[in-house]
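Remarks on the overall topology
Residue-level listing of the chains:
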Amino acid sequence: FVAPRSEARIPSALGATAAEAIASLEASQAASVNAIASAIPDLAAKPDQTWAAGSVSIGGCPATLDARDAPGPANIAWLSSLCVSSKQSSLTIFNGPLTDVPHLLSRCAVVGDTTLSFALDFRPRAYGAYEMRQPDGSYPGPDVLGRQAFEYSGARKDYETKFGNEEVVAFLAATAASFEGGTPSAAAPSEFDSLTQGPLAMSMTMPLTDANVAAVSAAREKAAAYWLGWALDDSHGKQPGAPVNTQYVYDSKYKQNTYSALLPIYAELYGAEGANLAAADSGPLDEGYVGGGS
């Protein structure tokens with residue numbers, strides 16, 4: 001998905017401060033997490049990874065992290081609901097290997113007090129060689145990749161059929177168009193971003209306005225609702241005999257790559273404190289969730 005530039009519109013008055021914007025986004029995110037917790041009873045808090053209010057500050061700003069998992073039937077390996085006051089609200093969900101539901105990334109940060117940086121992605125669970133996509137939208141074929149080209153093509157087709165369908169593509173297009181003065185992020189994705197991003201990844205910047213804060217909140221709520229609907233759909237569970245261990249190995253490497261992709265993003269936002277924040281937000285990188293327990 002390539003986000004279009006929003007139609008030229010004069011941004012509405014700034015209105016909200018950075019602190020108010022993040023507080024609004026965080027309230028919306030907390031409501032989404034509560035909805036997920038209500039629908040998935042075995043989603044439980046992880047006290048050792050949770051940051052309670054008043055316990056941690058990042059860049060001089062109070063930070064909270066609501067860490068949860070559901071190693072039982074729901075098979076959620078990690079949920080991080082992170083808020084850095086005046087700076088960032090983000091929701092990250094990694095699924096366990098008993099399901100093929102996409103991982104969710106939903107993050108909005110304030111940059112320089114007047115700009116919002118928004119990232120949203122439903123991240124595939126199988127390698128589809130997305131980083132090899134050509135400018136015309138095609139991918140290398142068997143003449144370049146051999147028989148693996150068919151494996152990667154099958155993974156892409158499975159994702160498009162189950163998750164990246166016309167409805168979701170239309171939602172993302174409408175979201176991009178809803179932002180006042182929104183433009184695709186100028187920074188090229190890093191190597192690890194390219195390895196972890198899905199084909200529908202959205203990364204945009206826009207002025208910090210009341211209207212944009214509301215539009216980002218609405219988009220994040222809808223994205224979380226999509227993820228929850230997929231998570232509750234039994235058809236997305238692995239069938240008996242499916243290569244669960246193969247999925248676990250892939251997921252473990254994927255989480256490490258996601259952490260590596262997050263490091264430079266948080267370093268730019270928070271300087272030397274970015275590394276600790278990336279580690280906390282990414283969760284344990286060596287835990288297995290193959291069902292029944294952690």
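Below is a short write-up of the structure. Source: prediction; values computed, not measured. (Residues numbered from 1 in each chain as written. Predicted model: local features only at pLDDT ≥ 70, side-chain atom pairs only at ≥ 80, totals over all residues. Heavy atoms only, no water.)

Moving on, we get to the packing of helix α4 (residues 166–178) against helix α6 (residues 210–231). Direction vectors running N to C along α4 and α6 enclose 165°, while the axes themselves pass 10 Å from each other. As summarised for this structure, α4 and α6 are arranged roughly antiparallel, according to the angle between their axes. The two elements α4 and α6 cross, and the hand of that crossing is left-handed. Of α6, the residues touching α4 (which contributes Glu 167, Val 168, Phe 171, Thr 175 and Ser 178) are Asn 212, Ala 215, Ala 219, Lys 222, Ala 223, Tyr 226 and Trp 230. Taken together, the residues of the contact of α4 with α6 break down into seven nonpolar, three polar and two charged. (Axes fitted to C-alpha atoms, helices over the stretch in contact; angles between N-to-C directions. Helix = DSSP H or I, 4+ residues; strand = E, 2+ residues; numbered from the N terminus. Parallel < 35°, antiparallel > 145°, perpendicular 65-115°, else oblique. Left-handed = near helix turned anticlockwise from the far one by under 90°. Contact = heavy atoms within 4.5 Å. Nonpolar A, V, L, I, M, F, W, Y, C, P; charged D, E, K, R; others polar.)

The next thing to look at is the pairing of strand β6 (residues 103–111). In terms of residue burial, β6 counts as a mostly covered element, since eight of its nine residues are buried. In the sheet, strand β5 (residues 88–95) pairs with β6 via six bridges, with the strands oriented antiparallel. What sits directly across from Ser 89, in β6, is Cys 108. Direction of pairing for β6 relative to strand β7 (residues 115–123): antiparallel, over a ladder of nine bridges. Bridge pairing links Ser 106 to Leu 120 in β7. If you look at the hairpin formed by β6 and β7, you'll find three residues sitting between the two strands, and Gly 112 has a positive phi there, around 65°. (Buried < 20%, exposed > 50% of the residue type's maximum accessible area, 1.4 Å probe, protein only. Pairing = 2+ DSSP bridges.)

Applying the stated criterion across every chain yields a total of twelve aromatic pairs. Plain terms: the ring middles of Phe 163 and Trp 230 are 5.1 Å apart, the flat faces sit at 75° to each other, and that makes the pair edge-to-face. Here Phe 163, found in the loop between α3 (148–162) and α4, pairs with Trp 230, found in helix α6; they are 67 residues apart in sequence, far enough to count as distant. Phe 163 sits in the buried class, given a relative accessible area of 2%. Taking the ring centre of Tyr 139 as reference, the NZ or CZ of Arg 156 above it sits at 3.7 Å. (Phe/Tyr/Trp six-rings, centres within 6.5 Å; stacked < 30°, edge-to-face > 60°. Lys NZ or Arg CZ within 6 Å of the ring centre and 35° of its normal.)

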